[in-house]
Amino acid sequence: MNIFSPRAKALTNTQQIIEQLGYVQIDTISVVERAHHHTLWTRNPTYKAPQLDKLLEQKLIFEYWSHAAAYLPMRDYRFSLWRKHAFLNGQLEHWYERDNQLIHEVLARIRAEGPLMAKDFGKTEKSTDWQSKPSKRALEYLFMQGDLMIPYRKNFHKVYDLTERVLPSTIETRPPSEQEYVDYLILHYLRVQGLAQETDFGHLIKHIKPVIKQAIKRLLAEGQLIELKLNQQTWLSTPENLQGLNQPATTSLKILSPFDNLVIQRERLRKLFEFDYQIECYVPEAKRKYGYFVLPILWQDELVARLDCKAERKERRLVINQVWTEARLQQPDEFWNALLAALQQFAQFNCCDSVSGSWQ
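Residues numbered from 1 in each chain as written. Predicted model: local features only at pLDDT ≥ 70, side-chain atom pairs only at ≥ 80, totals over all residues. Heavy atoms only, no water.

Summarising the element assignment, N350 is placed in the loop between α12 (332-349) and β12 (354-357). A residue is classified by how much of its surface remains accessible, and N350, at 3% relative accessible area, is buried. (Helix = DSSP H or I, 4+ residues; strand = E, 2+ residues; numbered from the N terminus. Buried < 20%, exposed > 50% of the residue type's maximum accessible area, 1.4 Å probe, protein only.)

Below, the structure is given as structure tokens:
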């Protein structure tokens, strides 16, 4: 591919977004376009879904676990080794029971046969908890502890291969020290999110909080972190982030994924934006306040509404079930005009030709 071609430039843009964010969460729910595509499109309206597959194929990103399954920049691969080694030495426990013999057999087969999917193993096996078969659990063990990587997917199903056959030879594989890893968690988070409190770092990473507490004290003493007051609370940031303060609010309207990096930490979201948000697909229908898969709406740098919609792909229609606005919404006429325009773009992103339903 010509590096100066529009396709190459678009691919580079997507790679840079992932590197800036640090990860893009993968999710299987497809009421609208899946979360990993949605998150990238929100930041670049020219994004196309095949770009992720291409970046994976070119080994510019890799699939692993952040706080959840995610695509991560290949340049940050060595920072995934902390978790992998923790699984390997027993510091972290997998949610599946370990079967060392089966793990050895699965690894040996992939070494001999090449890339395989879970369905290539144990066709007579019976599923147990959460419909997972023993060989699938062994594959996930090998994946989480770093023996296997996912070079690509087929119809969204993982394909597993030996890490040594997937990882580019130029990638550094020296594990980070504890201090390097924790500094990365803190400083990279602040580069992306701007502000944080101690509890925000290392989201859902076990056994890391005491180390983070000590690292924050050290980074504050070194001047790499600063403390700020906001909403009558103390927040952490960096001197570099102060340069971005007092920028004019963006006038664009963004329909966000429930798994977007901005909104995934719900308590932080409530403190910063006064936006109490919960994805309700995991809530019994009778207890839902809004809807199955409600999307937050960002406008003029505030979260001011939420949208319940569904992409009816066979009919190529984006169906709007309801829109709820926050009491603090200012300039409602301008908001609705912006939302109508955004819904047309969102419909196109979801391969829909029209928008129908109620939204005002």
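The structure having been displayed, the exposition proceeds.
Moving on to the sheet that holds strand β1 (residues 24-25). Across the sheet, which stays open at both edges, the 3 strands sit in the order β1-β3-β2 with antiparallel pairing between neighbours. Of all strands in the sheet, those bounded by a partner on one side alone are β1 and β2 (61-65). Across 5 bridges, β2 lies against strand β3 (residues 69-73) in antiparallel orientation. Opposite E63, over in β3, you have Y71 as the bridge partner. In this fold helix α3 (residues 50-57) packs onto β2 and β3, with an angle of close to 95° to the strand it touches most, β2. (Pairing = 2+ DSSP bridges. Contact = heavy atoms within 4.5 Å. Axes fitted to C-alpha atoms, helices over the stretch in contact; angles between N-to-C directions.)

All right, on to helix α11 (residues 266-273) then. Restricting attention to buried positions, one finds in α11 the residues R268, L269, L272 and F273. Angularly, the buried residues of α11 cover 100° about the axis, an arc narrow enough to put them on a single face. Here the buried face of α11 lies against α8 (178-193), β6 (226-230), β7 (233-237) and β10 (302-312). One or two positions beyond α11, positive phi appears at E274, with a value near 55°. (Arc of directions from axis to C-beta.)

With 5 of 5 residues buried, β3 is to be regarded as a mostly interior element. Neither face of β3 is open: one carries A69, Y71 and P73, the other A70 and L72, and all of them are buried. In the sheet, β1 pairs with β3 via 2 bridges, with the strands oriented antiparallel. By the bridge assignment for β3, V24 is matched with Y71. Connecting β2 to the antiparallel partner β3 that follows it, the hairpin turn spans 3 residues.

With that settled, consider the sheet that holds β10. Read across the open sheet, the 5 strands follow the order β8-β9-β10-β11-β12; overall the sheet is mixed. Because the sheet does not close on itself, it has two edges, and the strands there are β8 (253-255) and β12. When strand polarity is set aside, the average angle formed by the axes of neighbouring strands in this sheet is 35°. Relative to β12, strand β11 (residues 317-325) runs parallel, the two being bridged by 4 bridges. Residue pairing in the sheet places V319 in a bridge with S356 of β12.

We now examine the pattern of salt bridges. A side chain of one charge can pair with a side chain of the opposite charge when the charged atoms of the two come close. Evaluation of the coordinates by the stated rule reveals 24 salt bridges. A salt bridge links R43 to D260, with the nearest nitrogen and oxygen atoms 2.8 Å apart. You can see R43 sitting in helix α2 (residues 35-43) and its partner D260 sitting in the loop between β8 and α11, a full 217 residues away along the chain. For the salt bridge of E172 with R174, the shortest nitrogen-to-oxygen distance reads 2.8 Å. For R174, a relative accessible area of 43% gives the class partly exposed. In this structure, a network of salt bridges that share partners links the residues R78, E172, R174 and E180. (Salt bridge = Lys/Arg side-chain N within 4 Å of Asp/Glu carboxyl O.)

With the rule as written, the count across this model stands at 14 aromatic pairs. Taking 5.7 Å as the distance between ring centres and 45° as the angle between the ring planes, the aromatic pair formed by W41 and F346 counts as tilted. Here F346 lies in helix α12 and W41 lies in helix α2, a separation of 305 residues in the sequence. The pair W41 / F346 is uniform in exposure class, with both members buried. Plain terms: the ring middles of W299 and F335 are 5.6 Å apart, the flat faces sit at 65° to each other, and that makes the pair edge-to-face. In this pair, W299 is assigned in strand β9 (residues 294-299) and F335 in helix α12, connecting sequence segments 36 residues apart. Among the residues examined, W299 registers a relative accessible area of 4% and is labelled buried. (Phe/Tyr/Trp six-rings, centres within 6.5 Å; stacked < 30°, edge-to-face > 60°.)

Let us now look at empty space enclosed by the protein. Counted according to the given criterion, the structure contains 2 cavities of 30 Å³ or more. For the largest cavity, the calculated volume is near 510 Å³. Lining the largest cavity we find 27 residues, and of these Y23, S66, Y184, L185 and I205 sit closest to its centre. When contributions to the lining of the largest cavity are tallied by element, the ones reaching two or more residues are β2 and α8. Classifying every residue of the lining of the largest cavity by side-chain character gives 14 nonpolar, 10 polar and 3 charged. Reported here for the second largest cavity is a volume of approximately 40 Å³. L56, K59, I61, F62, M74, M149, I150, P151 and V166 together form the lining of the second largest cavity. (1 Å grid on protein atoms, 1.4 Å probe; cavity = no way out; pocket = protein on both sides within 12 Å on 5 of 7 lines; lining within 4 Å. Points joined across faces, edges and corners; volume = space filled by probe spheres on them. Nonpolar A, V, L, I, M, F, W, Y, C, P; charged D, E, K, R; others polar.)

Worth remembering: the numbers are spatial, not functional.
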